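Structure assessment
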Amino acid sequence: MTKKSTIQDKMYSDIQDESIFTSAQTNGYNYLTEIFDRNVFPTEKALTDLTYFDEEMPEHSSNAHTVLEHLHTYGSPATVTNMGGRYFGFVCGSSVPVGLAAKNLATYWDQSPTMNVLSPIGSKLETVVENWLKNIFNLPKRTVAGFVSGTSMATFCGLAAARYRLLANQNWNINEDGFFNAPKIRVVTGKQAHSTVLKAISLLGFGKNTIEWVDVDNQGKIIPELIPELDNTTLLILQAGNVNSGSFDDFESICEKANKAGAWVHIDGAFGFWVGAVNQLKHLTKGAEKANSWAVDGHKTLNTPYDSGVVLCEDKEALMSALHMSGRYIITSKERDGTFYTPEMSRRARIVELWAILKYLGKSGVDEMILGMHKRAQQFANELKNENGFTILNDVVFNQILVRCNTDELTVKTLNRIQKLRTCWVGGSQWKGKQVIRISVCSWATTESDIVKSANSFKQALREVQKLTLIAK
């Protein structure tokens with residue numbers, strides 16, 4: 001028998017110690033069952049206790065039980081409860097329970113679906129979900145999917161595919177000839193494009209100063225008539241869900257114009273593209289199937305656990321060429337080899353929980369869950385719009401609500417007080433140069449009573465701020 005090193009022997013012993021895993025599982029489950037009654041944001045004590053982790057790297061190995069217990073004792077209380085029903089800050093979804101359980105199982109599998117030979121199950125599930133997504137979004141059959149960490153990376157991949165194709169249109173191979181002396185690519189987008197789009201533009205070497213900006217209307221939608229003349233050297237980026245107002249661009253007319261010109265259209269649909277799976281809301285994405293690439297998150301509206309994003313592209317050659325992979329050791333198969341559709345080789349099999357949630361919900365369940373988010377957003381807006389001191393600034397077409405008090409100062413102070421009350425959590429933003437409170441409803445767990453409690457917290461916060469202002473005077 002081969003002699004093991006001291007640390008090897010210890011880890012072999014740990015893997016045989018079921019209690020290490022069951023205690024972590026028990027602590028995790030207990031955390032989960034208490035999540036709907038917790039403060040949405042950590043208490044001051046929990047934040048202060050994080051100083052426990054401030055230490056030098058230990059010199060010697062520790063006990064596994066001790067490591068996990070300390071993580072639970074000091075880590076669990078310092079988490080933000082975005083999985084609950086009253087987190088409305090950033091567009092962070094909750095987690096459908098079956099997705100959490102599937103992710104937990106997949107953690108033990110520890111698969112990387114880079115190649116079919118590395119993970120036959122990962123390869124199969126990616127193939128199945130690719131087909132399901134094409135169906136529910138009504139995309140062309142030729143569309144392929146890459147399963148990445150989120151919309152930031154999905155947009156990067158979609159724009160990389162666009163760069164490859166638009167340069168190929170001008171007889172330039174970006175992979176072989178690089179960007180120096182390459183023909184020009186025009187980048188056109190609305191003045192309220194998301195920051196991750198601008199990041200991708202920068203990372204891909206287009207340069208943010210080259211963007212041809214298009215004005216937007218009072219809801220943040222790009223104005224079709226102001227889009228410049230397009231051609232087959234143009235990358236046009238549209239939005240399915242403005243990050244502030246939730247508005248959707250007019251895909252039908254814009255994509256038709258772009259298709260005739262041979263331009264490439266990419267749609268940033270991080271949270272909003274999922275309305276395409278909802279019968280009462282899919283009119284918002286009408287015409288989006290005429291685009292060339294789409295970016296969407298699972299961990300937002302679909303409520304998969306982190307992290308889960310998808311790039312969809314109707315030009316398989318462009319996506320695979322942009323993300324090309326080669327090596328004598330690479331083993332390809334007749335089945336799906338995921339490395340050709342993502343930038344990474346080493347990545348976890350996040351497809352497991354995405355498949356599990358879609359399988360569990362089915363089309364009707366996806367429809368019901370996402371429509372429920374819209375209904376709760378409408379309820380929130382109605383709770384506040386008839387209250388003195390609050391103004392709703394946007395049309396609530398999906399899940400985003402913009403709220404403002406009478407002045408910038410009052411808005412910011414009220415926002416800060418809402419956060420301190422910890423009944424719910426919301427963030428701030430700017431809209432047309434003014435401070436606003438931004439509400440994003442994107443959790444399956446949000447109930448009508450959650451909305452009432454949260455709206456009452458808004459009202460309480462405003463009253464307290466107004467009272468303090470009067471006292472100060």
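Preceding this section is the structure that the text describes.
Now for a quick tour of the structure. (Residues numbered from 1 in each chain as written. Predicted model: local features only at pLDDT ≥ 70, side-chain atom pairs only at ≥ 80, totals over all residues. Heavy atoms only, no water.)

Thoughts on helix 2 (residues 18-33)
- Spanning 16 residues, helix 2 covers 22 Å between terminal C-alpha atoms, matching the ideal 22 Å at 1.5 Å per step.
- Looking only at helix 2, the buried set comprises Ile 20, Asn 27 and Tyr 31. The buried side chains of helix 2 occupy one side of the element, clustering within an arc of 40° when seen end-on. Projecting away from the buried face of helix 2 at angles above 90 degrees are the exposed residues Glu 18 and Tyr 29.
- Summarising the contacts, the buried residues of helix 2 are in contact with helix 1 (6-16) and helix 4 (64-75). (Helix = DSSP H or I, 4+ residues; strand = E, 2+ residues; numbered from the N terminus. Expected span 1.5 Å × (residues − 1). Buried < 20%, exposed > 50% of the residue type's maximum accessible area, 1.4 Å probe, protein only. Arc of directions from axis to C-beta. Contact = heavy atoms within 4.5 Å.)

Concerning the sheet that holds strand 7 (residues 309-313)
- Taking strand neighbours across the sheet as the criterion, the 7 strands line up as 1-7-6-5-4-2-3 in an open arrangement whose pairing is mixed. Two strands close off the open sheet at either side, each with one partner strand: strand 1 (144-148) and strand 3 (212-214). For this sheet the average axis-to-axis angle between neighbouring strands, irrespective of direction, equals 20°.
- Strand direction decides the pairing type here: strand 2 (residues 186-190) and strand 4 (residues 234-239), joined by 4 bridges, are parallel. The partner of Val 187 across the bridge, within strand 4, is Leu 235.
- The sheet strands contacting helix 10 (residues 251-261) are strand 4 and strand 5 (264-268), and the helix crosses strand 4 at an angle near 170°. (Pairing = 2+ DSSP bridges. Axes fitted to C-alpha atoms, helices over the stretch in contact; angles between N-to-C directions.)

Observations concerning the environment of Gly 298
- In this structure, Gly 298 sits in the loop between strand 6 (293-297) and strand 7.
- On the basis of relative accessibility, which here comes to 0%, the residue Gly 298 falls in the buried class.
- Linking Gly 298 and Phe 147, residues 151 residues apart in sequence, is a C-alpha distance of 9.8 Å.
- Here Gly 298 is in contact with Trp 274, Asn 303, Thr 304, Ser 308 and Gly 309, once residues within four sequence places are set aside.

Considering the side chain of Thr 446
- One can find Thr 446 in the loop between strand 11 (434-440) and helix 14 (448-472).
- A distance of 2.8 Å separates a polar atom in the side chain of Thr 446 from the backbone oxygen of Gly 85.
- Aside from chain neighbours lying at most four places away, what touches Thr 446 is Gly 85, Phe 88, Arg 376, Val 441 and Ile 451. (Polar contact = N/O pair within 3.5 Å; in protein donor to acceptor, adjacent residues only side chain to side chain.)

Let's talk about the environment of Asn 169
- Summarising the element assignment, Asn 169 is placed in the loop between helix 7 (151-168) and helix 8 (174-177).
- Here Asn 169 falls in the partly exposed class, since its relative accessible area comes to 33%.
- Along the backbone, Asn 169 and Asn 232 are 63 residues apart, and their C-alpha atoms lie at a distance of 6.9 Å.
- Ignoring sequence-local partners within four residues, the contact set of Asn 169 consists of Asn 232 and Gly 262.
- At 3.0 Å, the side chain of Asn 169 forms a polar contact with the backbone oxygen of Asn 232.

Overview of the sheet that holds strand 11
- Spatially, the 4 strands line up as an open sheet ordered 8-9-11-10, and their pairing is antiparallel. The open sheet has two edge strands, strand 8 (391-392) and strand 10 (427-431), and neither has a second partner.
- Judged from the 2 bridges that link them, strand 8 and strand 9 (residues 400-404) form a sheet pairing that is antiparallel. Bridge assignment links Thr 391 to a residue of strand 9, and that residue is Arg 404.
- Strands strand 8, strand 9 and strand 11 of the sheet are contacted by helix 12 (residues 351-385), whose axis makes an angle of about 15° with strand 9.
- Relative to the sheet, helix 13 (residues 408-421) contacts strand 9, strand 10 and strand 11, its axis offset from that of strand 11 by approximately 35°.

Digging into the packing of helix 2 against helix 4
- Closest axis-to-axis distance for the helix 2/helix 4 pair is 10 Å, and the angle between their directions is 5°. In terms of axis orientation, helix 2 runs roughly parallel to helix 4. Here Ser 19, Ile 20, Ser 23, Ala 24 and Asn 27 of helix 2 come into contact with helix 4, specifically with Ala 64, His 65, Leu 68, Glu 69 and His 72.
- Split by residue class, the contact of helix 2 with helix 4 holds 4 nonpolar, 5 polar and 1 charged. (Parallel < 35°, antiparallel > 145°, perpendicular 65-115°, else oblique. Nonpolar A, V, L, I, M, F, W, Y, C, P; charged D, E, K, R; others polar.)

Overview of a nonpolar patch on the surface
- Taken together, the side chains of Ile 15, Phe 21, Leu 105, Tyr 108, Trp 109 and Ile 121 define a hydrophobic patch exposed on the protein surface, amounting to about 580 Å² of accessible area.
- Sort the elements by how many residues they give to the nonpolar patch and helix 5 (residues 97-109) lands first, with 3 residues.
- Mapping Ile 15 onto the fold places it in helix 1. (Patch = residues over 30% accessible without salt bridge, like charges linked within 9 Å, V, L, I, M, F, W, Y side chains within 5 Å. Areas by Shrake-Rupley, 256 points an atom, 1.4 Å probe, with all protein chains shown as cover. Salt bridge = Lys/Arg side-chain N within 4 Å of Asp/Glu carboxyl O.)

Keep in mind these numbers describe shape, not what the thing actually does.
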